Structures are given as C-alpha cells and as structure tokens.
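Here's the letter readout for the chains.
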Amino acid sequence: MLKRSNTLTLFSRVTLVRTLPDNHGVSHNHTYITTAHTRVATIGIGFGDGYLHYLSNTGACVYLNNSYCPVPGRVTMDQVMVDVTHLKDVKPGDGVEIMGPNVPWQELTARAHTIPSDVITSISARVPRVYRPSGQEGGTR
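Residues numbered from 1 in each chain as written. Predicted model: local features only at pLDDT ≥ 70, side-chain atom pairs only at ≥ 80, totals over all residues. Heavy atoms only, no water.

**A look at the pattern of salt bridges**
Step number 1: As enumerated under the stated definition, the model contains four salt bridges in all.
Step number 2: The shortest N-O distance in the salt bridge between aspartate 78 and arginine 126 comes to 2.5 Å. Placement of aspartate 78 in the loop between strand 6 (67–70) and strand 7 (80–83) and of arginine 126 in the segment after helix 2 (116–121) is noted, with a sequence separation of 48 residues between them.
Step number 3: For arginine 126, a relative accessible area of 45% puts it in the partly exposed group.
Step number 4: Residue glutamate 107 pairs with arginine 111 through a salt bridge whose shortest N-O separation is 3.1 Å. Note that glutamate 107 and arginine 111 are positioned in helix 1 (residues 105–112) at a spacing of four residues, about one turn of the helix.
Step number 5: A residue is classified by how much of its surface remains accessible, and glutamate 107, at 11% relative accessible area, is buried. (Salt bridge = Lys/Arg side-chain N within 4 Å of Asp/Glu carboxyl O. Helix = DSSP H or I, 4+ residues; strand = E, 2+ residues; numbered from the N terminus. Buried < 20%, exposed > 50% of the residue type's maximum accessible area, 1.4 Å probe, protein only.)

Written out as structure tokens, the structure reads:
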C-alpha cells in the first residue's frame, strides 16, 4: 500500500453475491477464470462512474467488511466483480470503499499505469458528491 489520504473517499454498494464454479469466466470476455469455487460480489460502480477500466486484472482491491477484496476480470461500464470467497457474511447493500483511507488513489494510479489526475478527474457527474468540512470523519455509504 502507498501513503494513505483522507482527501477523497469513494463508496459504492454490493448489488449481488454469487458462487461461481471452478473454471468459470468472470466479467466480459472471461479474462479471469476461477480456479476453484469462488464467491463473487458485484459492486455498483464501473468505468462509466470513473473506476478506470485500466484497473482490470491488475490486482486492484476494494475494501469490504474490513477486508481487502481483489477485482478479478474486466471493469465494466456499470459494475465490477470482487472476490469475496474469504469473507463469511457479504450481502447486497453492504458498503464498499472504492477509494479512500484503505484504498488510496495513489495506489490506483500506480496499478492503472496512469497519472494521478486521470484517477481523480475520471469520477463522473453521475456519482453523487458529499462535501465535508475539514476534521469531520465518515462518509455517506
């Protein structure tokens, strides 16, 4: 992990949880194939919201239920899939940190092999903004 920052936090939610069998493709074009039974959560964010498609199959993670969850397969326009096999209780509606204190934008920049402004300015207008004065903790989940 790179340096943590509380400047920007981006959240989404789990929309679906499924268990996929061994040798099953994940996301568009099946660029990731499961090697065992795998629990996959679908998260309601994609490149249409600003989660760069360059993060597909790079080892990028989200932070869900106090745990890092890798993003296998391709980032789609409206969603990403995350491996939650190691978590016991994941359900639709659970909040997911996409970027923030546990997933710094600097790390996403490095994984996407791009420049910092690409990660920050790609967050589209369809993502609601909540501005908090300096010193206020928490965010909208």
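**A few points about the nonpolar core**
Step number 1: Ile43, Tyr51 and Val82 are the most contacted members of the largest nonpolar core, which totals 29 residues.
Step number 2: Of all the secondary-structure elements, those providing two or more residues to this core are strand 1 (10–20), strand 4 (38–43), strand 5 (61–64), strand 7, strand 8 (95–99) and helix 1.
Step number 3: Setting aside its immediate chain neighbours within four residues, isoleucine 43 contacts Ser12, Arg13, Val14, Thr15, Asp78, Gln79, Val80, Val82, Val96 and Ile98. (Core = buried A, V, L, I, M, F, W, Y, C linked by side-chain atoms within 4.5 Å. Contact = heavy atoms within 4.5 Å.)

**Comments concerning unusual backbone geometry**
Step number 1: In the Ramachandran plot, asparagine 29 falls in the positive-phi region, its phi being about 60° despite a non-glycine side chain.
Step number 2: Mapped onto the secondary structure, asparagine 29 falls in the loop between strand 2 (25–26) and strand 3 (32–33).

**Examining the environment of asparagine 65**
Step number 1: Here asparagine 65 shows up in the loop between strand 5 and strand 6.
Step number 2: Since its relative accessible area comes to 35%, asparagine 65 is described here as partly exposed.
Step number 3: Once the C-alpha coordinates of asparagine 65 and leucine 87 are considered, the two residues, 22 residues apart in sequence, prove to be 8.0 Å apart.
Step number 4: Among all residues touching asparagine 65, those that are not within four sequence positions of it are Leu87, Asp89, Val90 and Asp94.
Step number 5: A distance of 2.9 Å separates a polar side-chain atom of asparagine 65 from the backbone oxygen of aspartate 89. (Polar contact = N/O pair within 3.5 Å; in protein donor to acceptor, adjacent residues only side chain to side chain.)

**Considerations on the sheet that holds strand 6**
One key point about sheets: their strands pair by backbone hydrogen bonds, in either a parallel or an antiparallel sense.
Step number 1: Taken in spatial order, the six strands of this open sheet run 6-5-8-1-4-7, and their pairing is antiparallel. Edge positions in the sheet fall to strand 6 and strand 7, since each of these pairs with one other strand and no more. In this sheet, neighbouring strand axes are inclined to one another by 40° on average, regardless of whether the strands run parallel or antiparallel.
Step number 2: Bridge count for strand 4 against strand 7 is four bridges, and the pairing is antiparallel. (Pairing = 2+ DSSP bridges. Axes fitted to C-alpha atoms, helices over the stretch in contact; angles between N-to-C directions.)

**Examining the pairing of strand 5**
Step number 1: The alternating pattern of strand 5 places Cys61 and Tyr63 on one face and Val62 and Leu64 on the opposite face, and all of these are buried.
Step number 2: Bridging between strand 5 and strand 6 involves four bridges; their strand directions are antiparallel. By the bridge assignment, leucine 64 is partnered in strand 6 with serine 67.
Step number 3: Linking strand 5 to strand 6, which pair antiparallel, is a turn of two residues; within it asparagine 65 sits at a positive phi near 50°.
Step number 4: Direction of pairing for strand 5 relative to strand 8: antiparallel, over a ladder of two bridges.

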